[in-house]
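Remarks on the overall topology
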Amino acid sequence: MTHDLRLGVNIDHVATIRNARGSAYPDPVRAAKLAEVAGADGITAHLREDRRHIRDADIDALMSELTVPLNFEMAATSEMHAIALKHTPHAVCLVPERREERTTEGGLEVAKDQNRLSDYIGPLTDAGCRVSLFVAADELQLDASKRVGAAVVELHTGAYCDFHAEGRFAERDAELERLRESAAFAHSLGLEVHAGHGLTFETVTPIAAIPEVKELNIGHFFIAEAIFIGLDPAIREMRRLMDDARAV
Ligand code: PXP
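Below, the discussion takes up the side chain of Glu225. Tracing the backbone shows Glu225 in helix α10 (residues 220-228). The side chain of Glu225 is buried and forms no salt bridge, while Arg240, the nearest opposite charge, is found at 12 Å. Residues within four places of Glu225 in sequence aside, it is in contact with Phe201, Gly230 and Ala234.

Moving on to the environment of Gly190. Counting through the fold element by element, Gly190 comes out in the loop between α8 (169-188) and β7 (192-196). As a C-alpha pair, Gly190 and Val92 span 98 residues in sequence and 18 Å in three-dimensional space.

With that settled, the discussion passes to a nonpolar patch on the surface. Judged by side-chain polarity, Ile227, Phe228 and Ile229 come together as a nonpolar surface patch covering roughly 370 Å² of accessible area. As for its placement among the helices and strands, Phe228 is situated in helix α10.

Pro26 follows Tyr25 through a cis peptide bond whose omega is 0 degrees. Looking at the secondary structure, you find Pro26 in the loop between α1 (12-21) and α2 (28-38). Phi at Arg51 is positive, roughly 55 degrees, even though this residue is not glycine. Note that Arg51 resides in the loop between β2 (42-46) and α3 (56-65). Positive phi values are uncommon outside glycine, yet Thr88 reaches one of about 40 degrees. Mapping Thr88 onto the fold places it in the loop between α4 (78-87) and β4 (91-94).

Tallying each qualifying case throughout the model produces 21 salt bridges. We note a salt bridge from Arg180 to Glu177, for which the minimum N-O separation is 3.0 Å. Here Arg180 and its partner Glu177 are both found in helix α8, three residues apart, which amounts to about one turn of the helix. The structure contains a network of salt bridges with shared partners spanning Arg6, Arg130, Glu192 and Glu215.

The local shell around the ligand holds 14 residues, among which Glu73, Glu154, Gly198, Gly219 and His220 are the closest. Between the ligand and Gly198, the relevant distance is 2.8 Å, taken from an oxygen atom to a main-chain nitrogen or oxygen of the residue. Contacts to the ligand include His220, whose backbone N or O atom sits 2.8 Å from an oxygen atom. Its free accessible area being 390 Å², the ligand has 96% of it covered by the protein chains. Split into classes, the residues belonging to the shell around the ligand amount to three nonpolar, eight polar and three charged.

Rules behind the numbers
Residues numbered from 1 in each chain as written. Predicted model: local features only at pLDDT ≥ 70, side-chain atom pairs only at ≥ 80, totals over all residues. Heavy atoms only, no water. Helix = DSSP H or I, 4+ residues; strand = E, 2+ residues; numbered from the N terminus. Buried < 20%, exposed > 50% of the residue type's maximum accessible area, 1.4 Å probe, protein only. Lys, Arg positive; Asp, Glu negative; His and termini not counted. Salt bridge = Lys/Arg side-chain N within 4 Å of Asp/Glu carboxyl O. Contact = heavy atoms within 4.5 Å. Patch = residues over 30% accessible without salt bridge, like charges linked within 9 Å, V, L, I, M, F, W, Y side chains within 5 Å. Areas by Shrake-Rupley, 256 points an atom, 1.4 Å probe, with all protein chains shown as cover. Near = heavy atom within 4 Å. Polar contact = N/O pair within 3.5 Å; in protein donor to acceptor, adjacent residues only side chain to side chain. Nonpolar A, V, L, I, M, F, W, Y, C, P; charged D, E, K, R; others polar.

Here it is, written out as C-alpha coordinates:
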(Lines give C-alpha, C1' and ligand atoms only; values in the text may rest on other atoms or scores of the structure.)
Protein backbone atom coordinates (compact mmCIF):
# COMPACT_ATOMS: atom_id res chain seq x y z
CA MET A 1 0.00 0.00 0.00
CA THR A 2 1.33 3.46 -0.81
CA HIS A 3 0.56 6.19 1.66
CA ASP A 4 -0.11 9.85 0.97
CA LEU A 5 2.38 10.52 3.78
CA ARG A 6 5.23 8.03 3.61
CA LEU A 7 7.15 6.77 6.63
CA GLY A 8 10.87 6.19 6.29
CA VAL A 9 12.31 4.15 9.15
CA ASN A 10 15.93 4.93 9.99
CA ILE A 11 17.74 1.85 11.30
CA ASP A 12 21.11 3.47 12.13
CA HIS A 13 20.80 2.95 15.86
CA VAL A 14 20.24 -0.77 15.61
CA ALA A 15 23.77 -0.74 14.22
CA THR A 16 24.91 1.61 17.01
CA ILE A 17 23.89 -1.02 19.57
CA ARG A 18 25.50 -3.84 17.58
CA ASN A 19 28.76 -1.93 17.28
CA ALA A 20 28.80 -0.91 20.96
CA ARG A 21 29.10 -4.57 21.84
CA GLY A 22 31.27 -5.59 18.90
CA SER A 23 28.83 -8.40 18.13
CA ALA A 24 26.93 -9.43 15.00
CA TYR A 25 23.57 -8.52 16.56
CA PRO A 26 21.19 -6.76 16.60
CA ASP A 27 21.25 -6.86 12.80
CA PRO A 28 20.03 -3.61 11.17
CA VAL A 29 18.95 -5.51 8.05
CA ARG A 30 16.66 -7.71 10.14
CA ALA A 31 15.22 -4.55 11.70
CA ALA A 32 14.69 -3.09 8.22
CA LYS A 33 12.77 -6.15 7.10
CA LEU A 34 10.65 -6.08 10.22
CA ALA A 35 9.98 -2.38 9.58
CA GLU A 36 8.80 -3.21 6.04
CA VAL A 37 6.24 -5.63 7.46
CA ALA A 38 5.15 -3.10 10.10
CA GLY A 39 4.36 -0.51 7.43
CA ALA A 40 7.54 1.40 6.57
CA ASP A 41 7.36 2.85 3.06
CA GLY A 42 11.13 3.13 2.92
CA ILE A 43 14.27 2.49 4.93
CA THR A 44 16.83 5.15 5.72
CA ALA A 45 20.45 4.42 6.58
CA HIS A 46 23.28 6.90 7.10
CA LEU A 47 26.76 5.70 6.20
CA ARG A 48 28.94 8.06 8.20
CA GLU A 49 32.53 8.76 7.34
CA ASP A 50 33.64 7.14 10.64
CA ARG A 51 31.27 4.11 10.17
CA ARG A 52 30.16 4.48 13.77
CA HIS A 53 26.85 2.76 13.07
CA ILE A 54 26.00 1.61 9.52
CA ARG A 55 28.87 -0.10 7.68
CA ASP A 56 29.50 -0.69 4.00
CA ALA A 57 28.37 -4.32 4.27
CA ASP A 58 25.03 -3.17 5.74
CA ILE A 59 24.43 -1.01 2.66
CA ASP A 60 25.29 -3.95 0.38
CA ALA A 61 22.78 -6.15 2.24
CA LEU A 62 20.06 -3.48 2.32
CA MET A 63 20.41 -2.92 -1.41
CA SER A 64 19.97 -6.59 -2.16
CA GLU A 65 17.35 -7.53 0.44
CA LEU A 66 14.91 -4.62 0.75
CA THR A 67 11.60 -4.61 -1.08
CA VAL A 68 10.95 -0.93 -0.24
CA PRO A 69 13.20 1.92 -1.45
CA LEU A 70 16.44 2.75 0.36
CA ASN A 71 17.06 6.37 1.29
CA PHE A 72 20.85 6.53 1.55
CA GLU A 73 21.95 9.34 3.84
CA MET A 74 25.47 10.62 3.46
CA ALA A 75 27.78 13.62 3.61
CA ALA A 76 28.67 15.27 0.30
CA THR A 77 32.18 13.81 0.11
CA SER A 78 33.91 12.19 -2.86
CA GLU A 79 34.08 8.81 -1.06
CA MET A 80 30.29 8.79 -0.54
CA HIS A 81 29.66 9.99 -4.10
CA ALA A 82 31.45 6.90 -5.42
CA ILE A 83 29.54 4.59 -3.05
CA ALA A 84 26.18 6.10 -4.04
CA LEU A 85 27.01 5.80 -7.74
CA LYS A 86 28.01 2.17 -7.23
CA HIS A 87 24.66 1.29 -5.58
CA THR A 88 22.31 3.90 -7.14
CA PRO A 89 19.77 3.72 -4.29
CA HIS A 90 16.29 5.13 -4.86
CA ALA A 91 17.14 8.28 -2.88
CA VAL A 92 20.26 10.02 -1.65
CA CYS A 93 19.86 12.47 1.23
CA LEU A 94 22.80 14.81 1.68
CA VAL A 95 23.45 15.85 5.28
CA PRO A 96 26.14 17.88 7.01
CA GLU A 97 28.49 15.71 9.03
CA ARG A 98 30.96 16.63 11.73
CA ARG A 99 32.94 13.97 13.54
CA GLU A 100 32.34 15.37 17.01
CA GLU A 101 28.55 15.59 16.75
CA ARG A 102 26.35 12.90 18.29
CA THR A 103 23.81 13.17 15.48
CA THR A 104 23.16 15.42 12.48
CA GLU A 105 22.89 18.73 14.33
CA GLY A 106 22.07 21.34 11.72
CA GLY A 107 20.90 21.65 8.16
CA LEU A 108 23.13 21.83 5.10
CA GLU A 109 24.56 25.22 4.18
CA VAL A 110 23.35 24.94 0.60
CA ALA A 111 23.47 28.66 -0.17
CA LYS A 112 27.20 28.89 0.61
CA ASP A 113 28.15 25.83 -1.42
CA GLN A 114 26.03 26.09 -4.57
CA ASN A 115 28.60 25.48 -7.29
CA ARG A 116 30.08 22.43 -5.59
CA LEU A 117 26.66 20.98 -4.76
CA SER A 118 25.38 21.43 -8.33
CA ASP A 119 28.36 19.48 -9.64
CA TYR A 120 27.89 16.87 -6.92
CA ILE A 121 24.14 16.36 -7.45
CA GLY A 122 24.14 16.23 -11.28
CA PRO A 123 25.75 12.78 -11.69
CA LEU A 124 23.60 11.30 -8.89
CA THR A 125 20.42 12.55 -10.57
CA ASP A 126 21.66 11.32 -13.96
CA ALA A 127 22.24 7.88 -12.39
CA GLY A 128 18.56 7.79 -11.32
CA CYS A 129 18.80 8.78 -7.62
CA ARG A 130 16.33 11.27 -6.17
CA VAL A 131 18.57 13.73 -4.38
CA SER A 132 17.31 15.28 -1.18
CA LEU A 133 18.97 18.01 0.90
CA PHE A 134 18.54 18.13 4.68
CA VAL A 135 17.94 21.80 5.45
CA ALA A 136 16.68 24.12 8.16
CA ALA A 137 13.34 25.89 7.69
CA ASP A 138 14.95 28.83 5.91
CA GLU A 139 13.94 30.34 2.55
CA LEU A 140 17.54 31.09 1.64
CA GLN A 141 18.45 27.39 1.87
CA LEU A 142 15.29 26.29 0.06
CA ASP A 143 15.85 28.66 -2.84
CA ALA A 144 19.43 27.46 -3.10
CA SER A 145 18.28 23.81 -2.95
CA LYS A 146 16.14 24.39 -6.00
CA ARG A 147 18.99 26.13 -7.82
CA VAL A 148 21.49 23.31 -7.23
CA GLY A 149 19.11 20.75 -8.74
CA ALA A 150 17.74 18.87 -5.71
CA ALA A 151 14.43 17.07 -6.27
CA VAL A 152 13.59 16.97 -2.56
CA VAL A 153 14.26 18.91 0.62
CA GLU A 154 14.01 17.33 4.05
CA LEU A 155 13.11 19.93 6.67
CA HIS A 156 15.01 19.58 9.95
CA THR A 157 12.50 19.13 12.79
CA GLY A 158 15.18 18.88 15.51
CA ALA A 159 14.73 22.40 16.92
CA TYR A 160 10.93 21.98 17.06
CA CYS A 161 11.33 18.67 18.95
CA ASP A 162 13.97 20.06 21.32
CA PHE A 163 11.79 23.05 22.23
CA HIS A 164 8.93 20.65 22.95
CA ALA A 165 11.08 18.41 25.15
CA GLU A 166 12.35 21.44 27.09
CA GLY A 167 8.84 22.80 27.66
CA ARG A 168 9.63 25.95 25.63
CA PHE A 169 6.24 25.91 23.96
CA ALA A 170 6.17 29.45 22.52
CA GLU A 171 9.47 28.78 20.75
CA ARG A 172 8.25 25.35 19.65
CA ASP A 173 5.15 26.89 18.12
CA ALA A 174 7.18 29.58 16.35
CA GLU A 175 9.46 26.89 14.88
CA LEU A 176 6.41 24.87 13.83
CA GLU A 177 5.11 27.93 12.00
CA ARG A 178 8.48 28.29 10.24
CA LEU A 179 8.28 24.63 9.22
CA ARG A 180 4.76 25.12 7.85
CA GLU A 181 5.76 28.20 5.86
CA SER A 182 8.91 26.51 4.58
CA ALA A 183 6.97 23.45 3.45
CA ALA A 184 4.57 25.65 1.48
CA PHE A 185 7.43 27.70 0.04
CA ALA A 186 9.48 24.64 -0.98
CA HIS A 187 6.40 23.09 -2.58
CA SER A 188 5.76 26.31 -4.53
CA LEU A 189 9.30 25.98 -5.94
CA GLY A 190 8.47 22.49 -7.20
CA LEU A 191 10.48 20.67 -4.53
CA GLU A 192 9.11 17.53 -2.84
CA VAL A 193 9.04 18.10 0.92
CA HIS A 194 10.13 15.61 3.58
CA ALA A 195 10.72 16.20 7.29
CA GLY A 196 12.47 14.52 10.15
CA HIS A 197 14.79 14.44 13.14
CA GLY A 198 13.84 13.88 16.75
CA LEU A 199 10.18 13.02 16.04
CA THR A 200 8.25 11.06 18.68
CA PHE A 201 4.65 10.05 19.35
CA GLU A 202 4.26 13.41 21.14
CA THR A 203 5.65 15.61 18.38
CA VAL A 204 4.66 13.88 15.15
CA THR A 205 1.05 15.02 14.73
CA PRO A 206 1.52 18.71 13.80
CA ILE A 207 4.31 17.81 11.37
CA ALA A 208 2.31 14.99 9.78
CA ALA A 209 -0.58 17.44 9.35
CA ILE A 210 1.44 19.80 7.11
CA PRO A 211 -0.19 19.06 3.75
CA GLU A 212 2.91 19.58 1.59
CA VAL A 213 4.98 17.06 3.58
CA LYS A 214 5.20 13.75 1.68
CA GLU A 215 7.55 11.74 3.89
CA LEU A 216 8.74 11.59 7.50
CA ASN A 217 12.04 9.98 8.44
CA ILE A 218 12.19 8.67 11.99
CA GLY A 219 14.84 6.58 13.72
CA HIS A 220 16.10 7.04 17.25
CA PHE A 221 12.67 7.10 18.88
CA PHE A 222 11.75 3.77 17.28
CA ILE A 223 14.84 2.08 18.62
CA ALA A 224 14.14 3.57 22.06
CA GLU A 225 10.52 2.35 21.99
CA ALA A 226 11.67 -1.05 20.75
CA ILE A 227 13.09 -1.60 24.25
CA PHE A 228 9.70 -1.04 25.86
CA ILE A 229 6.92 -1.95 23.43
CA GLY A 230 8.82 -3.53 20.53
CA LEU A 231 9.79 -2.20 17.11
CA ASP A 232 6.74 -3.48 15.24
CA PRO A 233 4.14 -1.92 17.60
CA ALA A 234 6.12 1.34 17.71
CA ILE A 235 6.11 1.65 13.91
CA ARG A 236 2.42 0.74 13.71
CA GLU A 237 1.50 3.34 16.35
CA MET A 238 3.49 6.02 14.52
CA ARG A 239 1.76 5.05 11.27
CA ARG A 240 -1.62 5.39 13.01
CA LEU A 241 -0.75 8.84 14.37
CA MET A 242 0.43 9.95 10.92
CA ASP A 243 -2.74 8.69 9.24
CA ASP A 244 -4.95 10.33 11.89
CA ALA A 245 -3.12 13.64 11.45
CA ARG A 246 -3.72 13.44 7.72
CA ALA A 247 -7.38 12.47 8.00
CA VAL A 248 -8.55 15.71 9.69
N1 PXP B 1 16.43 12.75 8.78
C2 PXP B 1 17.74 13.00 8.69
C3 PXP B 1 18.26 13.70 7.48
C4 PXP B 1 18.65 12.56 9.70
O5 PXP B 1 19.97 12.81 9.60
C6 PXP B 1 18.13 11.85 10.79
C7 PXP B 1 19.05 11.34 11.86
O8 PXP B 1 19.91 10.39 11.35
C9 PXP B 1 16.75 11.61 10.84
C10 PXP B 1 15.92 12.09 9.83
C11 PXP B 1 16.11 10.80 11.91
O12 PXP B 1 16.29 11.42 13.15
P13 PXP B 1 15.92 10.61 14.46
O14 PXP B 1 16.86 9.45 14.54
O15 PXP B 1 16.14 11.62 15.55
O16 PXP B 1 14.49 10.19 14.32
